[in-house]
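Examining the three-dimensional arrangement
Residues per chain, in single letters:
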Amino acid sequence: MTKINFLKLKHFIPKQNNTIINTCNNSVHCKRSIALLSNSYQRRDSVEVQAERKSNLFVPPSSPINENDLNKVQNFIDKTKKLFVLTGAGLSTESGIPDYRSEGVGLYARSNSRPMQYKTFLQSAERRRQYWARNFVGWMRYKSFVPNTSHMALSVWEKRGKIDWLATQNVDGLHLKAGSERVTELHGSLHRVNCLSCNNVTDRNIFQEKLLKLNPDFITKQGAMGPDGDTLLSEDEMKNFDVPECEVCGGILKPNIVFFGDNVEKTIVGYLMNQVEKADGILCAGSSLEVYSGYRFALAAKKWNKPIAIINIGPTRADHLATLKIEAKLGDILPELSV
């Protein structure tokens, strides 16, 4: 497996190779490749992460997919030659990463904790320190999460020419780990750290080493994992944590993600709108589309009379726009489809 350099993966066309997926010649071989690649990741997985994956701890309950619904999705895929895919947190819950909104199992349902707001991060050095303390504790666990069979299936679809472009609201990098290349990380990636003053970019693993040097005696029990890689800690546990400044200019360091209250860059939005316009079908997978940054593409697709398929457990903001809506686990559908 080619090591991914997350510093070089910007917004549009990240490059890496995946020789296993490139061997797919038919649906049977594709499914074998998906399983083979998934197994190779699981062998490197930590015991803790494997347990979370197997338990589907963060996947809300749903009915098993029936053959009729599976055939509907297959027909939608068959009729689409240039597919635009939008994925959300529901895709990665089956890898063991929690989301915010899933009924009963999302962060909002499990705790009173709420995500960092962009304005708060900018204005409060104390809140930045708390954020990085939580992220420091959670990072080694978060970066060990691996693609599931749905990530693998979408990578196969791309290699087979079915997916023209994929945009993800997720910041976990799992599409890239799965070998997808035609990807836009709509909300950025936790694998990079940016300086807000000079825009210098640091690999998150290197930043972890810097945090460790500044906080060699910082030891705390791993709390519940948050959707964005942080872990829940008490204020007392975080009070002595030190955060470095940018080594180039002394500026504020921020994860390369779009916090709540921030905006996606206009150039990225414009690029993806062009991809939606070129596509002849839209698949929204694992997103409630509550956040406008993703919902806007469903609105655009409807305006341009593009068929829209939504696969998500629970209602979405765009259900009224959908040509097809299926409620089921993505892992029960996407790996089963032929392209």
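Residues numbered from 1 in each chain as written. Predicted model: local features only at pLDDT ≥ 70, side-chain atom pairs only at ≥ 80, totals over all residues. Heavy atoms only, no water.

Turning our eyes to something else, we now look at the packing of aromatic side chains. Within this structure, the stated rule accounts for 13 aromatic pairs. The interplanar angle of 80 degrees and the centroid separation of 5.2 Å between the aromatic rings of Tyr-131 and Trp-132 together place this pair among those described as edge-to-face. As far as burial versus exposure is concerned, Tyr-131 and Trp-132 are alike and both buried. Every member of this aromatic cluster is reached through a ring pair, and the members are Phe-121, Tyr-131, Trp-132, Phe-207 and Phe-259. (Phe/Tyr/Trp six-rings, centres within 6.5 Å; stacked < 30°, edge-to-face > 60°. Buried < 20%, exposed > 50% of the residue type's maximum accessible area, 1.4 Å probe, protein only.)

In this structure the tally under the stated criterion is nine salt bridges. For the salt bridge of Asp-69 with Lys-72, the shortest nitrogen-to-oxygen distance reads 4.0 Å. Here Asp-69 pairs with Lys-72, and both are found in helix H3 (residues 67-79), just three residues apart, close to one helical turn. Owing to a relative accessible area of 38%, Lys-72 belongs among the partly exposed residues under this scheme. (Salt bridge = Lys/Arg side-chain N within 4 Å of Asp/Glu carboxyl O. Helix = DSSP H or I, 4+ residues; strand = E, 2+ residues; numbered from the N terminus.)

With that settled, the discussion passes to the packing of helix H12 (residues 266-278) against helix H13 (residues 292-303). Each pair of packed helices can be summarised by the angle the axes make with each other and by the distance between the axes. At their nearest, the axes of H12 and H13 sit 10 Å apart, and the two run at 35 degrees to each other. Along this stretch, H12 crosses H13, giving a crossing that reads as right-handed. Contacts between H12 and H13 involve Val-269, Leu-272, Met-273 and Val-276 from the former and Arg-296, Phe-297, Ala-300 and Ala-301 from the latter. Per-class residue counts for the contact of H12 with H13 are seven nonpolar, no polar and one charged. (Axes fitted to C-alpha atoms, helices over the stretch in contact; angles between N-to-C directions. Left-handed = near helix turned anticlockwise from the far one by under 90°. Contact = heavy atoms within 4.5 Å. Nonpolar A, V, L, I, M, F, W, Y, C, P; charged D, E, K, R; others polar.)

With that settled, the discussion passes to the nonpolar core. Residues Tyr-131, Trp-132, Tyr-142, Leu-190 and Phe-241 are the most contacted members of the largest nonpolar core, which totals 27 residues. Among the elements of the structure, helix H7 (125-143), strand S4 (188-195), helix H10 (204-214) and strand S6 (253-257) are those that each provide at least two residues to this core. Among the elements that line this core, the one with the most residues is H7, at seven residues. When sequence neighbours within four positions are dropped, the list of residues in contact with Phe-241 reads Arg-129, Trp-132, Ala-133, Phe-136, Leu-211, Asn-215 and Phe-218. Val-73, Val-85, Ile-163 and Leu-330 belong to the second-largest nonpolar core, a separate cluster that totals 24 residues. (Core = buried A, V, L, I, M, F, W, Y, C linked by side-chain atoms within 4.5 Å.)

This part is about the pairing of strand S1 (residues 83-87). With five of five residues buried, S1 is to be regarded as a mostly interior element. The alternating pattern of S1 places Leu-83, Val-85 and Thr-87 and Phe-84 and Leu-86 on opposite faces, both of which are buried. Relative to strand S2 (residues 163-168), S1 runs parallel, the two being bridged by five bridges. Among the inter-strand pairings, Leu-86 is bridged to a residue of S2, identified as Ala-167. Alignment of S1 against strand S7 (residues 281-285), held across five bridges, turns out to be parallel. Across the sheet, the residue bridging to Val-85 is Leu-283, located in S7. (Pairing = 2+ DSSP bridges.)

Before going further, it helps to spend a moment on the sheet that holds strand S8 (residues 308-311). If you trace the six strands from one edge of the open sheet to the other, you get S3-S2-S1-S7-S8-S9, paired in parallel fashion. The open sheet has two free edges, formed respectively by strand S3 (183-185) and strand S9 (324-326), since each of these has just one partner strand. The average angle at which neighbouring strand axes cross in this sheet is 15 degrees, direction not considered. Sheet strands touched by H12: S1, S2, S3 and S7. Its angle to S2, the strand with the most contacts, is close to 145 degrees.

The next point concerns the confidence of the model for the chain. Residues at a pLDDT of 70 or more form 78% of the chain, whose mean pLDDT is 83. Counted against residues more than four places away or in other chains, residues 1-6, with its pLDDT under 50, gives 14 contacts. Contacts from residues 8-44, a stretch scored under 50 in pLDDT, to residues over four places away or in other chains number 83 contacts. (pLDDT = per-residue confidence, 0-100.)

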